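What follows is each chain in one-letter form.
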Amino acid sequence: MNLYPLGLRLDGRRVLVVGGGTVATRRVPALLDAGADVLVVAPRLTPALHGLADAGRLRWRARRFEPADLEGAWLVQVAVDDPTAAAEVSAAAEPRRIFCVRADDRTEASAWTPAVTRHGPVTVAVLGGGDPQRAVRVRDAIAARLADRSIPVAAPPTAGGAAADTAGPAADAANPGTGRVILIGAGPGDPELITVKGRRLLAEADVVVTDRLVPGLLLDELAADVELIDAAKIPYGPAAAQEEINRILVDRAVAGATVVRLKGGDPYVFGRGGEELQACLAAGLPVSVVPGVTSSIAAPAAADIPVTHRGIAHEFTVVSGHLPPGHPQSLVDWSALARLRGTLVIMMGLKNLPTIAAVLLAGGRAADTPAAVVQEATTGAQRRVTATLGAVADVVATEGLRPPAVVVVGDVVGVLEPISG
Ligand code: SAH
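Everything numeric here is computed off the predicted structure, so don't read it as measured data. (Residues numbered from 1 in each chain as written. Predicted model: local features only at pLDDT ≥ 70, side-chain atom pairs only at ≥ 80, totals over all residues. Heavy atoms only, no water.)

### Regarding the overall build of the protein chain
Next up, step 1: When helices and strands are counted, the protein chain shows twelve helices and 17 strands.
Next up, step 2: Along the longest, intermediate and shortest principal axes, the C-alpha atoms of the protein chain span 80 × 60 × 35 Å.
Next up, step 3: Counting every position in the protein chain, which comprises 421 residues, the buried fraction comes to 44%.
Next up, step 4: Contacts spanning at least 24 positions in sequence make up 61% of the contacts within the protein chain whose residues lie at least 6 apart. (Helix = DSSP H or I, 4+ residues; strand = E, 2+ residues; numbered from the N terminus. Buried < 20%, exposed > 50% of the residue type's maximum accessible area, 1.4 Å probe, protein only. Contact = heavy atoms within 4.5 Å.)

### A look at the pairing of strand E15 (residues 370–375)
Next up, step 1: Most of E15 sits out of view: five of its six residues are buried.
Next up, step 2: As paired strands, E15 and strand E16 (residues 383–388) are joined by six bridges and run antiparallel to one another. Note that in E16 the partner of Val-373 across the bridge is Val-385.
Next up, step 3: Relative to strand E17 (residues 405–409), E15 runs antiparallel, the two sharing five bridges. Counterpart to Val-374 in the pairing with E17 is Val-406. (Pairing = 2+ DSSP bridges.)

### So, the site of the ligand
Next up, step 1: Around the ligand sit 17 residues, and of these Pro-188, Val-269, Thr-294, Ser-295 and Ala-405 come closest.
Next up, step 2: A distance of 2.9 Å separates a nitrogen atom of the ligand from a polar backbone atom of Gly-264.
Next up, step 3: In this structure, Val-269 approaches the ligand through a main-chain N or O atom, which is 2.7 Å from a nitrogen atom.
Next up, step 4: Out of a free accessible area of 540 Å², the ligand has 93% covered by protein chains.
Next up, step 5: In terms of residue class, the shell around the ligand is built from eleven nonpolar, four polar and two charged.
Next up, step 6: When residues of the shell around the ligand are sorted by domain, at least three fall in each of domain 2 (175–290) and domain 3 (296–414). (Near = heavy atom within 4 Å. Polar contact = N/O pair within 3.5 Å; in protein donor to acceptor, adjacent residues only side chain to side chain. Areas by Shrake-Rupley, 256 points an atom, 1.4 Å probe, with all protein chains shown as cover. Nonpolar A, V, L, I, M, F, W, Y, C, P; charged D, E, K, R; others polar. Domains from an automatic or database assignment.)

### What about the packing of aromatic side chains?
Next up, step 1: Evaluation of the coordinates by the stated rule reveals zero aromatic pairs.
Next up, step 2: Against the face of Trp-74 rests Arg-13, its NZ or CZ located 4.5 Å from the ring centre.
Next up, step 3: Above the ring of Trp-112, the side-chain terminus of Arg-106 is found at 4.1 Å from the ring centroid. (Phe/Tyr/Trp six-rings, centres within 6.5 Å; stacked < 30°, edge-to-face > 60°. Lys NZ or Arg CZ within 6 Å of the ring centre and 35° of its normal.)

### Quick word on the sheet that holds E15
Next up, step 1: The strand order across the open sheet built from five strands is E13-E14-E17-E15-E16, with neighbouring strands paired in mixed fashion. Looking at strand neighbours, the two that pair on one side only are strand E13 (316–320) and E16, the edges of this open sheet. With direction set aside, neighbouring strand axes in the sheet form an average angle of 20°.
Next up, step 2: Running at roughly 75° to E17, helix H9 (residues 295–302) makes contact with E13, strand E14 (343–347), E15 and E17 of the sheet. (Axes fitted to C-alpha atoms, helices over the stretch in contact; angles between N-to-C directions.)

### Concerning unusual backbone geometry
Most peptide bonds take the trans form, and the phi angle of most residues other than glycine is negative.
Next up, step 1: Cis peptide bonds are those with omega within 30 degrees of zero, and the linkage from Pro-403 to Pro-404 qualifies with -5°.
Next up, step 2: By secondary structure assignment, the location of Pro-404 is in the loop between helix H12 (392–399) and E17.
Next up, step 3: Unusually for a residue other than glycine, Arg-97 sits at a positive phi of about 60°.

### Section: the pattern of salt bridges
Next up, step 1: In total, this model carries 21 salt bridges according to the counting rule given.
Next up, step 2: Note that Glu-204 is salt-bridged to Arg-200, the shortest N-O span being 3.8 Å.
Next up, step 3: Here Glu-275 makes a salt bridge to Arg-272, at a shortest N to O gap of 2.7 Å.
Next up, step 4: Note on Glu-275: relative accessible area 31%, which makes it partly exposed.
Next up, step 5: Linked through salt bridges whose partners overlap, the residues forming this network are Arg-61, Arg-63, Glu-66 and Asp-69. (Salt bridge = Lys/Arg side-chain N within 4 Å of Asp/Glu carboxyl O.)

Written out as structure tokens, the structure reads:
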């Protein structure tokens, strides 16, 4: 018997799920993702399904199945182990011509669910001809091929509409024939800490504009015909260089390219991503943002410092130290930060650390407050040095620590250290 594959458009259509256990818990999210009007019939629900019911994402009839539950359904998923109960659902679905998927016995089902892998707009569904293990093996192989970025899966921008992955404020501004700009956070340093979406969209770039802090291995994977522009090498002062970067992004996209602006960490955490987005919007270009794993949280985490910890810190504050306290252009109220009890994460702060530490001490933070410096976090060169707030600036100098590094101040430093003695 040969199968006939279909993509069901379930948006707003009723799907009945019989059973509220682990199988149903695994099946329901994809149904909701497809927009289905999900009705679950089961005496009890798992906590996850209960949460969805409480949130109004699905409807729940708290009892056993009755044939009338099939009323209005286009599809039924039987997620119960008991073959007698499952057969009862099949028997009621068949004369009503409602396709029935069975978790307990696929040979009794009128429809089979494939093994699935999703890559942006593309869904690959594999049916194993009666052998689910084979379907999973083939699916895994295809997923690995798609993830290795050799196969672009996005549709080109369609006339009159935005590209499939273009979201956000400018999505409606897509002009046919023009390219687009995607701001992607590359993560803190380990090339595996880019997001799945960031990696997929990076593989679609015609032009990649990078930064000093972008993991080199990500660039190493780009196809040979991708134009790579190193923004760190633009030979102007910072303000003019930013204008030049904006101009490159806009010019290349207007010429039709898919332009990826790849930035260390998250694009909007001291990354000037906002200015680049504004420049693209002003040019009427479709532009979207893929958030990244920011070093302000990832660098402490990689050095075993949780930025919050129960009973220790109920807040963490991320601050730039690139201007010294008291600088006329500084927007930071350092004396207010000195009065906080929680965790302080200082970015770009090594050069000004002596002044910063002095201001925090003068403002009331105790000199014995634990402090740590994490350099080149999540890379093979990661270093962590621990001190106290009173001593940290000297330790940075004597240990020869250098950027990129974050300074963490607060009792969370050391909270995960094994207690010795
Ligand atoms: N957008 C980036 C931050 C850019 S500002 C992000 O979200 O991570 C640059 C500062 O980030 C550096 O001076 C340093 O303080 C910090 N930084 C970036 N990468 C780092 C890393 N791997 N280890 C430690 N600090 C890092």
